[in-house]
Amino acid sequence: MKKFPIEPIYGYVKIGIIGEHGESIINECVARDIPIWEIERKDDYSMTANIFVRDIKQVKQLLKQKKCKIRFLKKRGSPFFLLRLWRRNGFLLGLAGFILIIFLLSNMVWNINVTGADPKTEFELRKAAAELGIKKGQFIFLLPNSRQIQQKLTDKMDNVTWIGVTQKGTTYQFQVAEKEIPEKAKRLKPRNLIAKKKAIIHDIFVKRGQPLVSPNDYVQKGQTLVSGFIGKEGEEKLVPAEGTVLGETWHVVHVTVPLETNFKTYTGDSKKRHYVSIFGLKVPVWGLSNGNFKHSKTEENKTPFRFIKWELPIAYVKKDIRETDGVKRIYTKNEAISVGKTMAKKELQKKLPDDAKIIGENILQVSVSNGKVNLSMHYQVIENIASEQPITSSKENE
Amino acid sequence: MVKWRQQVSKWMMQKLELPADIVMDLPRITMIGQLHIYIENHRGVKAFSKEELRLNLINGVLIVKGNDFVIKTILPEEILLEGKIDGVYYEELNNKDPAQKKTK
């Protein structure tokens, strides 16, 4: 049973046929291969039927021969539909404009949240972020990615240890870990000062409490240095011991220095390429040359476009190609040792408190194996070895 | 001569088990409940109204009776009719009285 599946593609019209011999017109149409369908009789003198637009002329001639009249009742199919749509092009433009606006709004920064910061830090952070371009109404695909923002912000802010940057849709979320400067305890509890590590006492300065050791004494870890019990026997009082006990301590640091190192340095020459990625296919938009660098490092930055809450399979891709230079650095054994010494010193200083002083260094061991110099260094350090130990109530009763 | 040909085709149909509508050029009618009727091998529309469709056949007229008829599709040898079908009747050329075939 054949129907006409192309009906909606070509335009067709519903016509009214007024006159006698309607049946003969049907037969004539069929004989001439003119598709005709949905034939309905209205009354003895009229019928309705559907025919294609391209057949109208032929059907008109036919009707003239049979002395019938034709009325056009309805216009259907895609050509008429498109014509109607075109007549209402304001509507179409509005629809396109609406989608465009939603698309643009979906790719804008709408909200910046800062958590874990006090008002001052928050203000500074917002200012620093605004300098990077993160402010309301900015297009997300013009901004660097979260990782880079995080790095830049952490560099800019001094009083912050770490900033976590997450981008959720149109919202930027900053999580701040502030450097905590501990407040000094105003009311001190009774306590002793004990040794942090084994050392030889260098100097002792007591603000409060009873010193139990004197310079040049050798103390073990955990030994009481300044007692919180003061006063005559029988009239003993508990006080929070305060003071500084400088002791000479010993540290061993191991470092390894390779004799040969390959370095990569940037020459400063770079090329930028911009792409629009559609379903993973990268279409270059700007920047056609690769730079023809001998050695280069490529960094890719991808920002997907969004529509409301969905990520579109279309993304903006920025490629940074930077020329690099291969440099080989070779140390002699002595050079390696001196480099190792400074490295070891730096490493030690990182571990020590700021007020510690290094008073002596000795090389314990040097060995060369597999193109590396292994160095063990011994350091004498003067540092504060006092650490507080509260006196518990059970001790109080004793 | 015509009678002799008809007899030959009748014999072929019975002995060779060929479909009757092809051998003898008879209409093949398919009905889906009272909703649709699909007729092949017709020879044009004789009369069409809301209640009745008359189709020319090789030797006779096929009459479909019912309500709300619409010709959905019409092709040189096929026709699809929609509506509420009450009955299908045959009218042979030499016999004016409609001979009943199917009634609902």
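Residues numbered from 1 in each chain as written. Chains lettered and ligands numbered in written order. Predicted model: local features only at pLDDT ≥ 70, side-chain atom pairs only at ≥ 80, totals over all residues.

A. Fine view of the overall build of chain A. Of regular secondary structure, chain A possesses eight helices and 22 strands. Evaluated residue by residue, chain A yields a buried proportion of 18% over its 398 residues. For chain A, contacts bridging at least 24 residues in sequence account for 68% of all contacts bridging at least 6. (Helix = DSSP H or I, 4+ residues; strand = E, 2+ residues; numbered from the N terminus. Buried ≥ 20, exposed ≤ 12 C-beta atoms within 10 Å, placed from the backbone. Contact = placed C-beta atoms within 7 Å.)

B. Molecular detail of the overall build of chain B. Of the regular secondary structure elements, chain B holds two helices and seven strands. In chain B, which comprises 104 residues, the share counted as buried stands at 18%.

C. Structural view of the interface of chain B and chain A. Taken together, the contact pairs 17 residues of chain B with 14 residues of chain A. Mapped onto the side of chain B that touches chain A, the elements with two or more residues apiece are β3 (45–48), β5 (60–74) and β6 (78–91) of chain B. Among the elements that make up the side of chain B that touches chain A, the one with the highest residue count is β5(B) (five residues). Tallied by class, residues from the side of chain B that touches chain A come to 10 nonpolar, three polar and four charged. Here strand β2 (residues 36–43) of chain A runs beside β5(B); their pairing, made up of three bridges, is antiparallel. If you follow A:W37 over to β5(B), its bridge partner there is B:T73. (Nonpolar A, V, L, I, M, F, W, Y, C, P; charged D, E, K, R; others polar. Pairing = 2+ DSSP bridges.)

D. Geometry of the sheet that holds strand β10 (residues 210–211) of chain A. Pairing is antiparallel in the open sheet, where four strands are placed in the order β10-β12-β8-β22 (chain A). Edge positions in the sheet fall to β10 and β22 (386–390) of chain A, since each has one partner strand and no second.

E. Here's a closer look at the pairing of strand β18 (residues 296–307) of chain A. Residue and element names in this part refer to chain A. Alignment of β18 against strand β19 (residues 310–330), held across 11 bridges, turns out to be antiparallel. Residue pairing in the sheet places E300 in a bridge with K319 of β19. Between β18 and β19, which pair antiparallel and follow one another directly, the connecting turn spans two residues, one of which, I308, has a positive phi of 50°.

F. Broad picture of the packing of helix α5 (residues 119–132) of chain A against helix α6 (residues 146–156) of chain A. Residues and elements named next belong to chain A. Direction vectors running N to C along α5 and α6 enclose 130°, while the axes themselves pass 10 Å from each other. The angle between α5 and α6 places the two elements in the oblique class. Crossing angle aside, the handedness with which α5 passes α6 is right-handed. Between α5 and α6, the residues in contact are A128, A129 and L132 and I149, K152, L153 and K156, respectively. Residue composition of the contact of α5 with α6, by class: five nonpolar, no polar and two charged. (Axes fitted to C-alpha atoms, helices over the stretch in contact; angles between N-to-C directions. Parallel < 35°, antiparallel > 145°, perpendicular 65-115°, else oblique. Left-handed = near helix turned anticlockwise from the far one by under 90°.)

G. Up close: the pairing of β3(B). All names here are of chain B. Judged from the three bridges that link them, β3 and strand β4 (residues 52–57) form a sheet pairing that is antiparallel. Its bridge partner being in β4, V45 is matched across the sheet by L55. Following β3, the chain reverses through three residues before pairing antiparallel with β4.

H. Fine view of the sheet that holds strand β16 (residues 260–278) of chain A. Residue and element names in this part refer to chain A. Spatially, β17-β16-β19-β18 is the arrangement adopted by the four strands of the open sheet, whose pairing is antiparallel. Across the chains shown, the open sheet's two edge strands, defined by having one partner strand only, are β17 (281–286) and β18. Within the sheet, the average angular offset between the axes of one strand and its neighbour, ignoring direction, is 40°. Direction of pairing for β16 relative to β19: antiparallel, over a ladder of 16 bridges. Directly across from T265, in β19, lies its bridge partner D325.

I. Structural detail: helix α2 (residues 56–65) of chain A. Among the 10 residues that make up α2(A), one are buried, leaving the element largely open to the surroundings. Positive backbone phi, approximately 60°, marks A:K67, located one or two places after α2(A).

J. Looking closely at unusual backbone geometry. Within the chain, A:F279 stands out as a residue other than glycine whose phi angle is a positive 50°. Tracing the chain through its elements places A:F279 in the loop between β16 and β17. The exposure class assigned to A:F279 is exposed, which follows from the 8 C-beta atoms found within 10 Å. The phi dihedral of B:N41 falls on the positive side, at around 70°, and the residue is not glycine. For B:N41, the location among the structural elements is in the loop between β2 (36–40) and β3.

K. A look at the environment of A:N292. Along the chain, the position of A:N292 falls in the loop between β17 and β18. When the C-alpha positions of A:N292 and A:K271 are compared, they lie 9.7 Å apart, and in sequence the two are 21 residues distant.

L. Representation of the confidence of the model for chain B in the model. All names here are of chain B. Here chain B averages 83 in pLDDT, and 88% of its residues register 70 or above. Predicted confidence in chain B is weakest over strand β7 (residues 99–103), with a mean pLDDT of 47, and strongest over β2, with 93. Contacts of residues 95–104 to residues separated by more than four positions or lying in other chains number 15 contacts, the stretch itself having pLDDT below 50. Predicted as a complex, the structure gets a pTM of 0.42 and an ipTM equal to 0.74. (pLDDT = per-residue confidence, 0-100.)

M. Just α5(A), in detail. Along its 14 residues, α5(A) runs 20 Å from first to last C-alpha, staying within 8% of the 20 Å computed at 1.5 Å per residue. Just downstream of α5(A) lies A:G133, where phi reads positive at about 105°. (Expected span 1.5 Å × (residues − 1).)

N. Local environment of the environment of A:P211. Residues and elements named next belong to chain A. Looking at where P211 falls in the secondary structure, it is placed in strand β10. Under the C-beta neighbour-count criterion, P211 is labelled partly exposed, with 16 such atoms within 10 Å. Sequence separation of P211 and V245 is 34 residues, and the distance between their C-alpha atoms is 9.7 Å.

O. Examining the confidence of the model for chain A more closely. On average, chain A scores 84 in pLDDT, and the residues at 70 or more come to 94%. Element-level pLDDT for chain A is lowest in helix α8 (residues 393–397) of chain A, with a mean of 50, against a maximum mean of 91 in strand β3 (residues 46–52) of chain A.

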